[in-house]
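# Residue-level structural notes
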Amino acid sequence: MITIELPRVLAPFANSNSVVTVDESCQTVRDALAALGSRFPGVVDRVVDERGDVRTHVNVFLNEESIRFMDGLDTRVPEQSNLMIVAAVSGG
Amino acid sequence: MTSASTPTTTDSVCLLVGTMKGAFFLWSDDARENWRLDGPHFRGQSIYALAFDDRDGRSRTLAATQSMHWGSTVRSSDDFGRTWSDAERQNVRFPAESGLALNQIWQIRPGRKDEPGVLYCGVEPAALFESHDGGDYWSVVQGLLDHAHRTKWQPGGGGLCLHTILLDPANPDRMLIAISTGGVYRTEDGGKSWSARNHGVRAQFLPDKHPEFGQCVHKVVHHPSRPERIFLQNHWGLYRSDDWGDNWHDIANGVPSDFGFAMLMHPHDAETVFIVPLESDEFRCTPEAKLRVYRTRDAGTSWEPLSEGLPQADAYETVLRDGLSTDSMDEAGIYFGTRSGKVFGSNNDGSTWREVADGLPPVVCVRAVTVGASAPAA
């Protein structure tokens, strides 16, 4: 099982849940987001763009480490992992 | 100006104001002298396109919202912003096989009156989307997406955007769009094929000053009573075409600068057009630090400055391509917003002006709506 924490602004697209669990077998972050998207496509629309890339000003953390500094969406996801989706600090 | 969250039964005109930090509504009565502010809607999001759809008995406001974090979408309200749609899926999306991702929605354009379910939007990267169900489902216009010129279009300062859509009111197969930078393109077959229509328009920034395409067209306008006559504000250059863009002729006669972004057609007079010249190129502020709207009443043969009521000293203002708008009252109201967060209005065809709002976030678009009886009771 993988736990995915959502920012408050995305909770309305996940039946008002700010924490979602994914029971499917997931090898990578990409798999986990695909599983999330199968249930809550409105969440994933806002996290990744049409090309499947994580949006520029969105960060995804795996157990408190940004996947940008790991293997991106191909980062391996161990069982019982925690994914956190957050809005990046963006100026202006 | 006072604050109010809902329109009243005496309201006749609503200014839909899109800013870098949300949308605002400004309401006034027939006199258009005193205004009430409502907003922000979509707090923190940039609103580059606003439209109003009154076809088929609707009173629908359409807004293109862009969250810095979560992407762009078209949202709608049938009660002047009391409630907004929020589709679960983001409704304007490139097909996966295109390899493109939506960055910004630059224009929302209701279709012709006899096709009340049709909407168009222009986006960045440059593409045209259409909806046939009032905006729930959008699809890309494949004929333009596949255009052979696409790989050579280049982004301007605002990105590579399709920002203007003109429809032939009589011919459902004819449409003209403008891309910065790409130029003007026209379809005669409902969007299946598109041809560049830039003959005579200068591209000062290219080695070939008159290429087939690649011009940085900032805005095009026309009047529905004479749709074949099109006016064009270029990145350097003011032009008019009398043949749906086949040929363009310079009309920069007596303006302090032929550079600018905004251009507006008068609602009742096909000879009258408004612009706000800017000093080019890097400065992009009003020439001589005077805020002046220029008006032609003879289709570009001559232009006159309109400055009464506008600041004429230390006014380093910028009005962007969709920052100029008009209502449809008999004596037309003309309105514009600035990057410094001011909104100015005229209730007499631009002859005199007054400040309508100040202190807003940078204004990127203004749409004036004559609502009349459409406004619900508070």
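Before going into details, it helps to say that this report is about the structure given with it. Everything numeric in this text was worked out from a predicted model, so none of it was measured.

Criteria and cut-off values
Residues numbered from 1 in each chain as written. Chains lettered and ligands numbered in written order. Predicted model: local features only at pLDDT ≥ 70, side-chain atom pairs only at ≥ 80, totals over all residues. Heavy atoms only, no water. Helix = DSSP H or I, 4+ residues; strand = E, 2+ residues; numbered from the N terminus. Rg over C-alpha atoms; globule rule 2.2 N^0.38 Å. Buried < 20%, exposed > 50% of the residue type's maximum accessible area, 1.4 Å probe, protein only. Contact = heavy atoms within 4.5 Å. Lys, Arg positive; Asp, Glu negative; His and termini not counted. Charge placed at Lys NZ, Arg CZ, Asp CG, Glu CD. Core = buried A, V, L, I, M, F, W, Y, C linked by side-chain atoms within 4.5 Å. Pairing = 2+ DSSP bridges. Salt bridge = Lys/Arg side-chain N within 4 Å of Asp/Glu carboxyl O. Polar contact = N/O pair within 3.5 Å; in protein donor to acceptor, adjacent residues only side chain to side chain. Buried area = accessible area lost by both parts, 1.4 Å probe. Nonpolar A, V, L, I, M, F, W, Y, C, P; charged D, E, K, R; others polar.

## Quick notes on the overall build of chain A
On a plain count of helices and strands, chain A comes out with 2 helices and 5 strands. Put simply, chain A runs from its N terminus to its C terminus through helices and strands in the order β-β-α-α-β-β-β. In terms of overall size, chain A behaves like a compact globule, its C-alpha atoms giving a radius of gyration of 12 Å where 92 residues would be expected to give roughly 12 Å. With 92 residues in all, chain A has 48% of them scored as buried. Partitioning the contacts of chain A with sequence separation of at least 6, the portion at a separation of at least 24 is 48%. Positive and negative side-chain charges of chain A, numbering 8 and 13 respectively, have mean locations separated by a distance of 6 Å.

## So, the nonpolar core
Leu36, Val43, Val47 and Ile85 of chain A are the most contacted members of the largest nonpolar core, which totals 29 residues. Those elements that place two or more of their residues in this core are strand 1 (2-5), strand 2 (19-22), helix 1 (29-39), helix 2 (41-47), strand 3 (58-62) and strand 5 (82-87) of chain A. For this core, the element with the highest residue contribution is helix 1 of chain A, accounting for 5 residues. Contacts of isoleucine 85 of chain A, omitting those with residues within four sequence positions, involve Ile4, Glu5, Leu6, Pro7, Leu33, Leu36, Val47, Val58, Asn59 and Val60 of chain A together with Trp70 of chain B.

## Remarks on helix 1 of chain A
When helix 1 of chain A is considered as a whole, its buried residues turn out to be Val29, Ala32, Leu33, Ala35, Leu36 and Gly37 of chain A. Summarising the contacts, the buried residues of helix 1 of chain A are in contact with strand 1, strand 2, helix 2, strand 3 and strand 5 of chain A.

## Quick notes on the sheet that holds strand 2 of chain A
Residues and elements named next belong to chain A. An order of 2-1-5-3-4 is seen for the 5 strands of this open sheet, with the pairing classed as mixed. Of all the strands in the sheet, just strand 2 and strand 4 (65-66) have a single pairing partner and so form its edges. Pairing analysis gives 5 bridges linking strand 3 to strand 5, with the strands arranged antiparallel. Paired with leucine 62 across the strands is leucine 83, a residue of strand 5.

## Section: the pattern of salt bridges
Residues and elements named next belong to chain B. Following the criterion strictly, the structure yields 30 salt bridges over all chains and no others. Linking glutamate 228 and arginine 226 is a salt bridge whose minimum nitrogen-to-oxygen distance equals 3.3 Å. Classification of arginine 226 by relative accessible area gives partly exposed; the value is 31%. As a salt-bridge pair, aspartate 242 and arginine 240 come within 2.9 Å of each other at their nearest N and O atoms. Take arginine 240: its relative accessible area is 17%, and that puts it in the buried class.

## Section: the side chain of arginine 46 of chain A
Counting through the fold element by element, arginine 46 of chain A comes out in helix 2. Within polar-contact distance, the side chain of arginine 46 of chain A engages the backbone oxygen of alanine 87 of chain B at 2.9 Å. Contact partners of arginine 46 of chain A, with chain neighbours within four places excluded, come to Leu10, Phe13, Arg55 and Val58 of chain A together with His69, Trp70, Asp86, Ala87, Glu88 and Gln90 of chain B.

## Overview of the interface of chain B and chain A
Each partner contributes to the interface: chain B provides 18 residues, whereas chain A provides 23 residues. With both sides pooled, the region where chain B packs onto chain A buries about 1700 Å², and carbon together with sulfur makes up 53% of that total. For the interface between chain B and chain A, the tally reads 3 salt bridges. Its salt-bridge partner being arginine 93 of chain B, residue aspartate 45 of chain A comes within 3.3 Å of it at the nearest N-O pair. Applying the counting rule to chain B against chain A returns 9 residue pairs in polar contact (both at pLDDT 80 or more). A breakdown of the residues in the side of chain B that touches chain A according to their chemical character gives 9 nonpolar, 4 polar and 5 charged.

## Quick notes on unusual backbone geometry
All names here are of chain B. Looking along the chain, the bond that leaves glycine 39 and enters proline 40 is cis, with omega of 0°. Within the element layout of this structure, proline 40 appears in strand 4 (residues 36-41). The peptide bond linking glutamate 124 to proline 125 adopts the cis configuration, its omega dihedral lying at 0°. Looking at where proline 125 falls in the secondary structure, it is placed in the loop between strand 9 (119-124) and strand 10 (127-131).

## A few points about the pairing of strand 25 (residues 334-337) of chain B
Residues and elements named next belong to chain B. Residues of strand 25 alternate between two faces, with Ile334 and Phe336 on one and Tyr335 and Gly337 on the opposite face, all of them buried. Inspection of the sheet shows strand 24 (residues 324-326) paired to strand 25 by 3 bridges, in the antiparallel sense. From the neighbouring strand, threonine 326 faces strand 25, where its bridge partner is isoleucine 334. Note that strand 25 and strand 26 (residues 343-346) share 4 bridges and pair antiparallel. Bridge pairing in strand 26 links glycine 337 to valine 343.

## Details of the environment of glutamate 88 of chain B
Residue placement: glutamate 88 of chain B occurs in the loop between strand 7 (71-77) and strand 8 (104-110). Exposure remark for glutamate 88 of chain B: the relative accessible area of 39% places this residue in the partly exposed category. If near-sequence neighbours (up to four positions away) are discounted, glutamate 88 of chain B is found in contact with Phe13, Phe40, Pro41, Gly42, Asp45 and Arg46 of chain A.

## Things to note about the pairing of strand 12 (residues 161-167) of chain B
Residue and element names in this part refer to chain B. Summarising burial for strand 12: 7 of the 7 residues are buried, a large majority. Bridge count between strand 12 and strand 13 (residues 175-180): 6 bridges; the pairing is antiparallel. Within strand 13, the position partnered with threonine 164 by the bridge is alanine 178.

## Details of the sheet that holds strand 12 of chain B
Paired through backbone hydrogen bonds, the strands of a sheet run either parallel or antiparallel to each other. Residue and element names in this part refer to chain B. Within the open sheet, the 4 strands sit side by side as 12-13-14-15. Their pairing is antiparallel. Of all the strands in the sheet, just strand 12 and strand 15 (195-196) have a single pairing partner and so form its edges. Examined bridge by bridge, strand 13 and strand 14 (residues 183-187) share 5 bridges and lie antiparallel to one another. Bridging across to strand 14, alanine 178 finds its partner in valine 184.

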